[in-house]
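A structural walkthrough
These are the residues of each chain, in order.
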Amino acid sequence: MGKKQIMSRLLQMLIVLIGISFLTFLLTYLSPGDPVRNMYTSAGIMPTEELIQSTRDEMGFNDPFFTQYFRWIGNCLKGDFGKSYSLNKPVVKLLSARLWPTLKLTLMSMVLMLILAVPLGVLSAVYRNKPVDYIVRAVTFFGVSIPNFWVGLLLILYFGVRLRLLPVISSGGTFKDLLLPAVTLAVAMSAKYTRQVRTAVLEELSSDYVVGARARGVKESKILWGNVFPNSLLPLITMLGLSIGSLLGGTSVVEVIFSYPGLGNLAVNAITSADYFLVQGYVLWVSVIYMVINLLVDLSYNYVDPRMRLRR
Amino acid sequence: MEKKKNKFLSNRGFMIFACLALLIVLASVCAPLLCHGVDPTEGELSEAIMAPSSEHPFGTDKMGRDILARVIYGSRTSLVSTFSLVLTIFVVGTFLGILAGYFGGAVDAIIMRIADMMIAFPGLVLAIAVAGMLGASTTNAIIAISVVSWPKYARLARSLVMKIRHTDFVAAAQVTGSRTPYMLWKYMLPNTITTLVITAATDIGSMMMELAALSFLGFGAQPPTPEWGSMLNEGRNFMQSAPWMMIYPGLAIFITVVIFNMLGDNLRDILDPKTE
Amino acid sequence: MALLEITNVDISYGKRLIVKNCNLTLEKAEICSIVGESGSGKTTVIRAVLDLLAGGGRVTAGDIVYEGRSLLTLDDKEWRALRGHDISMIFQDSGAMMNQTRLIGKTYVEYIRTHENISKKEAWAKGAEMLGRMRLPDPDRIMRSYPFQLSGGQRQRVGIAMGMTYQPRLLLADEPTSALDVTTQAQIVRQMMELRDEYGTSIIIVTHDLGVATYMADKVVVMKDGEIEEQGDRSYMLHESTNAYTKKLLDAVPSLGGKRYV
């Protein structure tokens, strides 16, 4: 990617961000819940109508929509995402405290997924239409059809409740705490990726250079591990970037199940208690992270694949 | 037409899973019959949290409601909401995609930039936010997932339309004075419909899971409506004492998703033999 | 003893018979052209010699004998020793037959080290030397290039250089000049003929370009619809053949600058 393309990507990202921020703000604006009332009730006060109205005026909730929107955006740009009413802390502080645990969980499930999916996918492709392939395909089929929150619950039931091997609530950051949530996330993803790896390897195996290498007498194992395998990982890089995005969202379900102190869990609680600044902050943060990761992934892809790097 | 019919009938996989899917639909339609009049929303508190027995084959929940009845009635919620969801994104996505592809220019730019925005964003995050802020209900959950899922269909429809947009027969039809709605209906739609139907059919399973996930988080169907996702959520608090509360609803989702995924895959194989 | 003997060979893909009853004998240092329209099965024949038939194709009858032993019963190890060492193949676009994400040098080194137990550095030097012999300018730069960075002619020379690394006794060339412009075509054709003169390499060249085929070959084989229509030595095929199809094909030979190529 040249400088020009990077600039246009950044511009695109900016437009998307503006759109996302507008959409989230509009949604919270239209939302039936009243943040001021929620603020008081969560503090244990039964507010009068006058109190609510005066607080709304004070906090600017009665201003016209665009005034509110631009004020919020302006503050966000200064790094002030507002204050969470339900937790009575700055949104920035809450989000940054939860960011690392979620990333840790995301990365760990990715690693687990790769450990499972890559060998299975390669195996299934190399032994295409042999028993191994059929077994792998059947397993991955069930893997993509099983809801991950159910997997999580079953894992808790078995390893936590029955065997008492692993903690039911993963509030800490230890490896043991991470294991079950990460496995839960990895199950569906591994199934999906096993299929992708299989398709990618099959596609590579049918390319001309494999015939060329055979004609030169190169060993099958050299062809597979020295050429086909590295090449089939290339398209995976882009997919991994996209997966990090859906994982950041997908973790919320798993985080809730395991009471894991991550971004998703925070967001679900924020939505339940109509804590709007927190929700808006969460959506913006996750979008920015997602877009930055994908930009980095695309850049690295350009670096890894010489065809992208060198072709004029 | 006759030939197409045979293609469906002669595909054993398709017929098996079509029958199974039909069975699920039938079960949900005939729920009152199957449950012998047991009300899924009424329970005897004295019968709360009872293990599976001959009287309650799947056990009872914390309100003493029969879980088997709730699972059967739950299929209504799941099927109706999943089909409405898939239909919504299918219709909206296809319509917008055809418009974008056919008209190009500003229409295309606006529609596709919005679609890009949705795609450049982790879907479930936005869906959770939308569902949460609109307020928890089945309809809002459907809207939330539709908002983030239609772009896939729009992109597909657009690319298919673009392929035939500048072919001779379209130009000929335009020259002979066919009106735009007629053009869209007569030429654009038929050229996109097969691929999009395949996509929709293969999406049913995952859409069902996403809806269940939202309900599980409390942003979908509200109690006492029987819904598999929310039943799982209730069940997880009683995991230690009453694991059946979470096992059966989960199994119901799993089996239904497997059947619809299989059906979708087989349908794709029949309609689009190119892909493996 | 002939170098290569193909006797009564049938080749099928699944249930479809693609090549029927193919018979062909090649002597040492002989150049044989197989000509025919696309789909006539000519490429299938030489691919079968190296057991490189794509997806599901196989020899269903007859025998292919190389230096007295049947190629149809070789195991993987024997194949590896033969391919790229005793028998080499060059393709229509040899560049496309190399891994696009690897340097040509790396592919070359991988190839050399398959057949010779030498260090990577030595293999690299040997590869560069071969490229130089093919009159490729700046061989080191080419070794450090990716296939897609070279021109069609350069890629084809690299392919021929690789194919000639071990001075194979048999060179199979599948449309080696079809993707090139006329000037480069002529150079490549001459280079291949020099190989025969220098090392006594036998060559089978498959082409639909009758100019090239008749210019190079000692023997011409005409294929049509999976069967050999007629074969014979060059002068017979050019001047004495009475076969209608052969005559029709040869009448279509293009001429270069008013002068007939043949």
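Parameters at a glance
Residues numbered from 1 in each chain as written. Chains lettered and ligands numbered in written order. Predicted model: local features only at pLDDT ≥ 70, side-chain atom pairs only at ≥ 80, totals over all residues. Heavy atoms only, no water. Helix = DSSP H or I, 4+ residues; strand = E, 2+ residues; numbered from the N terminus. Buried < 20%, exposed > 50% of the residue type's maximum accessible area, 1.4 Å probe, protein only. Contact = heavy atoms within 4.5 Å. Pairing = 2+ DSSP bridges. Right-handed = clockwise from strand over helix to strand, strands pointing away. Expected span 1.5 Å × (residues − 1). Polar contact = N/O pair within 3.5 Å; in protein donor to acceptor, adjacent residues only side chain to side chain. Salt bridge = Lys/Arg side-chain N within 4 Å of Asp/Glu carboxyl O. Axes fitted to C-alpha atoms, helices over the stretch in contact; angles between N-to-C directions. Parallel < 35°, antiparallel > 145°, perpendicular 65-115°, else oblique. Left-handed = near helix turned anticlockwise from the far one by under 90°. Nonpolar A, V, L, I, M, F, W, Y, C, P; charged D, E, K, R; others polar. Buried area = accessible area lost by both parts, 1.4 Å probe. Phe/Tyr/Trp six-rings, centres within 6.5 Å; stacked < 30°, edge-to-face > 60°. Lys NZ or Arg CZ within 6 Å of the ring centre and 35° of its normal. Patch = residues over 30% accessible without salt bridge, like charges linked within 9 Å, V, L, I, M, F, W, Y side chains within 5 Å. Areas by Shrake-Rupley, 256 points an atom, 1.4 Å probe, with all protein chains shown as cover. Lys, Arg positive; Asp, Glu negative; His and termini not counted. Charge placed at Lys NZ, Arg CZ, Asp CG, Glu CD.

Turning to the overall build of chain B, a few remarks are in order. The helix and strand inventory of chain B stands at 11 helices and 0 strands. Each helix and strand of chain B, placed in order from N terminus to C terminus, yields the pattern α-α-α-α-α-α-α-α-α-α-α. Here chain B holds 276 residues, and the buried ones make up 50% of them. Counting contacts in chain B only where the partners sit at least 6 residues apart, residues at least 24 apart contribute 70% of the total.

Our next topic: the sheet that holds strand 4 (residues 57-66) of chain C. Residue and element names in this part refer to chain C. An order of 2-1-4-5 is seen for the 4 strands of this open sheet, with the pairing classed as antiparallel. Two strands lie at the open edges of the sheet, namely strand 2 (16-26) and strand 5 (69-70), each paired on one side alone. Strand direction decides the pairing type here: strand 4 and strand 5, joined by 2 bridges, are antiparallel. Note that in strand 5 the partner of Val 65 across the bridge is Ser 70.

Turning our attention to the pairing of strand 8 (residues 202-207) of chain C. Residues and elements named next belong to chain C. Among the 6 residues that make up strand 8, 6 are buried, leaving the element largely enclosed by the rest of the structure. Side chains Ser 202, Ile 204 and Val 206 project from strand 8 onto one buried face, and the interleaved Ile 203, Ile 205 and Thr 207 project onto a second face that is buried too. With 5 bridges joining them, strand 3 (residues 31-35) and strand 8 adopt parallel strand pairing. Bridge pairing in strand 8 links Val 35 to Thr 207. Where strand 7 (residues 170-174) and strand 8 come together, 5 bridges link them in parallel fashion. Bridge pairing in strand 8 places Ala 173 opposite Ile 205. At this point the chain moves from strand 7, through helix 7 (residues 182-199), to the parallel strand 8, and the crossover so formed is right-handed.

Residue and element names in this part refer to chain C. Spanning 18 residues, helix 7 covers 26 Å between terminal C-alpha atoms, matching the ideal 26 Å at 1.5 Å per step. Looking at the buried side of helix 7, the elements it contacts are strand 3, strand 6 (87-90), helix 6 (152-164), strand 7, strand 8 and helix 8 (210-216). For helix 7, the capping residue at the N-terminal end is Asp 181, with a side-chain oxygen 3.2 Å from the backbone nitrogen of Thr 183. Backbone geometry just downstream of helix 7 places Gly 200 in the positive-phi region, at approximately 70 degrees.

This part covers the pattern of salt bridges. Following the criterion strictly, the structure yields 22 salt bridges over all chains and no others. Measuring nitrogen to oxygen at the nearest pair gives 4.0 Å for the salt bridge that ties Arg 268 of chain B to Asp 269 of chain B. Looking at Asp 269 of chain B, the relative accessible area reads 32%, which means it is partly exposed. Arg 196 of chain C is paired through a salt bridge with Asp 218 of chain C; the nearest N and O atoms lie 2.9 Å apart. Residue Arg 196 of chain C is located in helix 7, and its partner Asp 218 of chain C is located in the loop between helix 8 and strand 9 (219-224); the two are separated by 22 residues in the primary sequence.

We now examine the arrangement of the chains. With 2 pairs of chains in contact overall, the greatest share of contacts is found between chains A and B. Between chain B and chain C there is no contact, and the shortest C-alpha to C-alpha separation is 15 Å.

Residue and element names in this part refer to chain B. Remark: helix 9 (residues 180-216) packs on helix 10 (residues 228-236), axes separated minimally by 7 Å, with the N-to-C direction vectors making an angle of 40 degrees. The pairing of helix 9 with helix 10 is recorded here as oblique in orientation. Judged by the twist between their axes, the crossing of helix 9 over helix 10 is right-handed. Within the contact between the two elements, helix 9 uses Ala 212, Ser 215 and Phe 216 and helix 10 uses Gly 229, Ser 230, Leu 232, Asn 233 and Arg 236. Here the residues of the contact of helix 9 with helix 10 are counted per class, giving 3 nonpolar, 4 polar and 1 charged.

This part takes up the interface of chain A and chain C. Note on interface size: it is often stated as the accessible area lost on association of the parts. Facing 22 residues of chain A, the contacting portion of chain C comprises 25 residues. Interface area, chain A with chain C, both sides summed: about 2000 Å², of which 60% is carbon and sulfur. If you sort the residues of chain A by the area they bury against chain C, Val 211, Ala 215 and Arg 216 of chain A come out on top, with a joint share of 29%. Across the contact surface, chain A and chain C share 0 salt bridges. The interface formed by chain A and chain C holds 8 residue pairs in polar contact (both at pLDDT 80 or more) in total. Elements that contribute at least two residues to the side of chain A that touches chain C include exactly helix 9 (208-215), helix 10 (220-257) and helix 13 (306-310) of chain A. For the side of chain A that touches chain C, the element with the highest residue contribution is helix 9 of chain A, accounting for 7 residues.

Turning our attention to the packing of helix 4 (residues 67-103) of chain B against helix 5 (residues 105-119) of chain B. The description of two packed helices rests on the angle between their axes and on the distance between the axes. Residues and elements named next belong to chain B. Between helix 4 and helix 5, the shortest axis-to-axis distance is 7 Å and the interhelical angle comes to 145 degrees. Crossing of helix 4 against helix 5: the hand is left-handed. Across the interface between the two elements, Leu 96, Leu 99, Ala 100 and Phe 103 of helix 4 pack against Gly 105, Val 107, Asp 108, Ile 111 and Met 112 of helix 5.

Further remarks concern the side chain of Arg 102 of chain C. Structurally, Arg 102 of chain C can be placed in the loop between strand 6 and helix 3 (104-115). Among the polar contacts listed, one links the side chain of Arg 102 of chain C to the side chain of Glu 110 of chain C, at a separation of 2.9 Å.

Time to look at the interface of chain B and chain A. The partner chain A presents 49 residues to the 38 residues of chain B that form the contact. Counting each side, the surface lost to burial between chain B and chain A is near 3700 Å², with a carbon and sulfur contribution of 81%. The largest share of the area that chain B buries against chain A comes from Met 117, Met 133 and Phe 254 of chain B, three residues that together contribute 18% of it. If you look at where chain B meets chain A, you find 0 salt bridges.

All names here are of chain B. Of note, Ser 206 is situated in helix 9. In this structure the C-alpha to C-alpha distance between Ser 206 and Val 257, which are 51 residues apart in sequence, comes to 7.4 Å. Within the local environment of Ser 206, its side chain forms a polar contact with the backbone oxygen of Asp 203, the two atoms lying 3.1 Å apart.

In this structure the tally under the stated criterion is 26 aromatic pairs over all chains. Look at Tyr 146 of chain C and Phe 148 of chain C: their rings are 5.6 Å apart centre to centre, the planes differ by 5 degrees, and that puts the pair in the stacked class. Grouping aromatic residues by their ring pairs yields a cluster made of Phe 22, Phe 25, Tyr 29, Phe 65, Phe 66, Tyr 69, Phe 70 and Trp 72 of chain A. Between the NZ or CZ atom of Arg 83 of chain C and the centre of the ring of Trp 79 of chain C, over which it lies, the distance is 4.9 Å. One Lys or Arg, Lys 224 of chain C, reaches over the ring of Tyr 245 of chain C and ends 5.1 Å from the middle of that ring.

For the rest of this paragraph, the subject is the environment of Thr 48 of chain A. Along the chain, the position of Thr 48 of chain A falls in the loop between helix 2 (35-42) and helix 3 (49-59). Residues Thr 48 of chain A and Arg 37 of chain A, 11 residues apart in the sequence, show an inter-C-alpha distance of 9.3 Å.

Turning our eyes to something else, we now look at a negative patch on the surface. A surface patch of like charges, here negative, comprises Glu 37, Asp 225, Glu 227 and Glu 229 of chain C. Judged by its relative accessible area of 43%, Glu 37 of chain C is partly exposed.

Residues and elements named next belong to chain C. For strand 9, the tally of buried residues reaches 5 of 6 residues, placing the bulk of the element in the interior. Where strand 9 meets strand 10 (residues 227-233), 6 bridges bridge the pair, whose relative direction is antiparallel. The residue of strand 10 that forms the bridge with Met 223 is Ile 228. The turn linking strand 9 back onto strand 10 is made up of 2 residues, and Asp 225 within it adopts a positive phi angle of 50 degrees.

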